[in-house]
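The chain contents come next:
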Amino acid sequence: MLTVTGALRVLVDPRTEREGDVVLDDGSDLATTLDASGCVVTPGLVNAHHHLLQTAFRTLPGTRGVPMAEWLPTMAAAYGRAGHDPELYGLAASAGAAEGLLSGVTTIADHHLNWPADATTDDTVALAAATVDAVRGLGGRLVFVRGSARDDADRAAASADAIATGLLHERAAGGVDPDGGLQVAVGPAGVHSDGEATFRALGEVAARHGLRRRTQANEQVDTAIALERYGRRPLDLLEEWGWLAPDVTIAHLCDVTDDEIGRLAAAGVTATHAPGCDVPMGWGIAPVAALAAAGIPVGLGTSGGGSNDAGHLLADGRLAMQVSALVGPQLPARQVLGMMTEGSAAGLGRPELGHLGEGTAGDLCVWDVSGVADAGVADPVAGLLWASPGRRPRHVVVGGRVVVRDYRLVTGDEREIAARLGERLARTPVS
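Everything numeric in this text was worked out from a predicted model, so none of it was measured.

Rules and cut-offs
Residues numbered from 1 in each chain as written. Predicted model: local features only at pLDDT ≥ 70, side-chain atom pairs only at ≥ 80, totals over all residues. Heavy atoms only, no water. Helix = DSSP H or I, 4+ residues; strand = E, 2+ residues; numbered from the N terminus. Rg over C-alpha atoms; globule rule 2.2 N^0.38 Å. Contact = heavy atoms within 4.5 Å. Areas by Shrake-Rupley, 256 points an atom, 1.4 Å probe, with all protein chains shown as cover. Lys, Arg positive; Asp, Glu negative; His and termini not counted. Charge placed at Lys NZ, Arg CZ, Asp CG, Glu CD. Phe/Tyr/Trp six-rings, centres within 6.5 Å; stacked < 30°, edge-to-face > 60°. Buried < 20%, exposed > 50% of the residue type's maximum accessible area, 1.4 Å probe, protein only. Polar contact = N/O pair within 3.5 Å; in protein donor to acceptor, adjacent residues only side chain to side chain. UniProt positions renumbered as here; feature names shortened; annotations may be inferred. Axes fitted to C-alpha atoms, helices over the stretch in contact; angles between N-to-C directions. Parallel < 35°, antiparallel > 145°, perpendicular 65-115°, else oblique. Left-handed = near helix turned anticlockwise from the far one by under 90°. Nonpolar A, V, L, I, M, F, W, Y, C, P; charged D, E, K, R; others polar. Arc of directions from axis to C-beta. Pairing = 2+ DSSP bridges. Core = buried A, V, L, I, M, F, W, Y, C linked by side-chain atoms within 4.5 Å.

Focus on the overall build of the chain
Piece 1. Summing up its helical and strand segments, the chain has 14 helices and 16 strands in all.
Piece 2. Relative to the globule expectation of 22 Å for 431 residues, the C-alpha radius of gyration of the chain, 20 Å, shows essentially globular dimensions.
Piece 3. Counting only C-alpha atoms and orienting by the principal axes, one finds that the chain spans roughly 60 × 50 × 45 Å.
Piece 4. In the chain, the proportion of contacts linking residues at least 24 apart, taken out of those at least 6 apart, comes to 75%.
Piece 5. Looking at the chain as shown, the accessible area adds up to about 16,300 Å², and 52% of this sits on carbon and sulfur atoms.
Piece 6. Charged side chains in the chain number 34 positive and 53 negative. The centres of these two groups are separated by 3 Å.

Here's what the structure looks like:
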């Protein structure tokens with residue numbers, strides 16, 4: 001049993017927001033108490049779109065202010081120099097997950113797109129397992145998305161099938177393990193990268209295992225490539241290939257028309273906003289207000305370190321509010337907080353995440369709002385996003401288990417994690 005108590009206790013949910021103690025039952029007979037005096041309590045944040053491997057490749061020369069055609073080979077060359085092996089994947093995932101937990105992210109959806117060309121199916125399972133073990137070892141929840149980027153369709157499907165079979169518990173339902181700590185999904189990078197055969201092959205794997213499907217679409221570069229290659233817009237192709245459906249989540253969606261928004265809503269698709277990637281890459285700004293007004297659940301993601309050099313979801317929520325007025329009405333803080341909790345969870349098909357109260361997963365963050373960064377703030381919930389852009393939670397709980405206490409990881413040492421990744425990157429891999 002874990003109890004959060006203190007002088008200021010706010011459940012940030014428009015249906016239940018009130019003052020009162022938060023009590024979580026993790027099945028233990030032992031009582032644990034966290035001091036939340038002067039704090040705001042929120043559900044654990046859900047990062048709906050990340051590329052964890054890129055955590056090891058941030059601020060690389062040649063990756064800022066360049067076209068996608070230059071960015072991609074620069075990143076690929078960096079991966080090639082470092083080498084693809086379980087050690088690197090695990091260390092990068094540890095760093096990304098630790099960064100997430102220390103900034104309030106309790107669940108990460110890792111859209112993994114980069115696989116060595118000569119990898120066997122067993123190799124890809126080992127790489128995925130290293131990522132899973134790293135995140136779960138720190139106490140976080142992971143949605144591992146077996147992605148593809150110009151992969152052979154049959155090889156990608158065989159790998160996805162093996163990952164789902166090998167990593168999920170035999171009692172997993174909907175691609176989610178019984179304890180909720182691991183979920184497997186599939187997702188081509190987008191129509192700019194993958195063709196119809198890949199979308200259909202991974203869709204068949206998803207149907208066979210009951211997995212969610214995820215992809216990326218309608219960044220401005222994606223639209224331009226689709227028009228040049230197919231003479232059609234990305235969503236036209238996704239609809240034809242069977243990828244506009246209620247089990248599909250689409251990231252980015254910067255360049256969408258009113259008609260396309262209506263089609264997405266009618267199809268039951270969910271969306272993920274990633275301004276921390278889209279803005280610096282020059283891909284545009286998703287019209288979140290219009291998407292939400294059409295009834296489309298919208299989540300929030302950071303994307304990876306190659307395009308967004310931080311994995312701080314709350315900071316990207318602040319950016320989402322700041323840039324929203326350029327494409328529509330400014331997004332209110334509570335709506336954006338809902339995007340990074342309930343909205344992201346909806347895109348994962350995980351109604352137990354992103355909420356506080358009975359029947360939820362027991363993930364929460366305790367945020368101290370008593371310091372000078374919050375001085376003069378009239379609404380402490382809005383202040384979570386508007387004030388103190390680098391804010392860290394005081395405590396983080398996942399599934400009733402404390403994983404961050406008094407701003408420090410309980411499950412690992414962040415300096416050691418960073419040092420181990422740095423050492424690995426400095427070392428030439430063994431061939």
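There is more to say, and it comes next.
Looking at the packing of aromatic side chains
Piece 1. The final tally for this structure, using the stated rule, is five aromatic pairs.
Piece 2. For the pair Phe199 and Trp241, a centre-to-centre distance of 5.3 Å together with 45° between the ring planes defines the contact as tilted. Linking Phe199 in helix H5 (residues 196-209) with Trp241 in the loop between helix H7 (234-240) and strand S10 (248-252), this pair joins segments that are 42 residues apart in sequence. Accessibility classification places Phe199 together with Trp241 in one group, the buried group.

A few points about the side chain of His111
Piece 1. Inspection of the secondary structure assignment puts His111 in strand S6 (residues 105-112).
Piece 2. Residue class for His111 comes out buried when judged on its relative accessible area of 2%.
Piece 3. Side-chain polar atoms of His111 contact the backbone oxygen of Gly187, separated by 2.6 Å.
Piece 4. For His111, the residues in contact, after removing those within four places along its chain, are His49, His50, His51, Val145, Gly147, Gly187, Pro188, Arg214, Thr215 and Gln216.

What to know about the UniProt feature "domain: Amidohydrolase-related" (unreviewed entry) in the chain
Piece 1. Using the residue numbers shown here, the UniProt feature "domain: Amidohydrolase-related" (unreviewed entry) corresponds to residues 40-403.
Piece 2. Across residues 40-403 one finds 42% helix and 17% strand; the C-alpha atoms that close the span lie 18 Å apart.

Some points on the packing of helix H11 (residues 313-324) against helix H12 (residues 333-347)
Piece 1. One can describe the packing of H11 onto H12 by two numbers: an axis separation of 10 Å at closest approach and a directional angle of 135°. In terms of orientation, H11 and H12 fall into the oblique class. Considering the relative orientation of H11 and H12, their crossing is right-handed. Of the residues in H12, those in contact with Leu313, Leu314, Gly317 and Met321 of H11 are Ala333, Val336 and Met340.
Piece 2. Class assignment for the residues of the contact of H11 with H12 results in six nonpolar, one polar and no charged.

Side note on helix H8 (residues 258-267)
Piece 1. When we look at burial in H8, the residues that qualify are Glu260, Ile261, Leu264 and Ala267. The buried side chains of H8 occupy one side of the element, clustering within an arc of 130° when seen end-on. Within H8, the exposed residues directed more than 90 degrees away from the buried face are Asp258, Asp259 and Ala266.
Piece 2. As for H8, its buried residues are in contact with H7, S10 and helix H10 (288-293).
Piece 3. Within two residues after H8, Gly268 carries a phi angle of roughly 80°, on the positive side.

A word on the sheet that holds strand S14 (residues 395-398)
Where strands meet in a sheet, backbone hydrogen bonds hold them as pairs that are either parallel or antiparallel.
Piece 1. Taken in spatial order, the five strands of this open sheet run S4-S13-S14-S15-S16, and their pairing is antiparallel. Looking at strand neighbours, the two that pair on one side only are strand S4 (39-43) and strand S16 (408-409), the edges of this open sheet.
Piece 2. Judged from the two bridges that link them, strand S15 (residues 401-405) and S16 form a sheet pairing that is antiparallel. Looking across to S16, one finds that Val404 is bridged to Leu409.

Describing the nonpolar core
Piece 1. With 110 residues, the main nonpolar core has Phe57, Leu235, Leu238, Ile250 and Met340 as its most contacted residues.
Piece 2. Of the residues forming this core, the biggest block, 10 residues, is contributed by helix H2 (residues 86-102).
Piece 3. With residues up to four places along the chain from it excluded, the contact list for Met340 reads Leu45, Val46, Leu300, Leu313, Leu314, Gly317 and Leu385.
Piece 4. Counting residues in hydrophobic clusters, the runner-up holds nine residues, among them Leu34, Cys39, Leu364 and Val402.

Examining the packing of helix H4 (residues 153-167) against H5
Piece 1. Packing of H4 against H5 brings their axes to within 8 Å, and their N-to-C directions diverge by 20°. The angle between H4 and H5 falls in the class roughly parallel. For the crossing formed where H4 meets H5, the hand is right-handed. Residues Ala153, Ala156, Ala157, Ala160, Asp161, Ala164 and Thr165 of H4 form the contact with H5, whose own contacting residues are Ala197, Thr198, Ala201, Leu202, Val205, Arg208 and His209.
Piece 2. For the contact of H4 with H5, a count of residues per class yields nine nonpolar, three polar and two charged.

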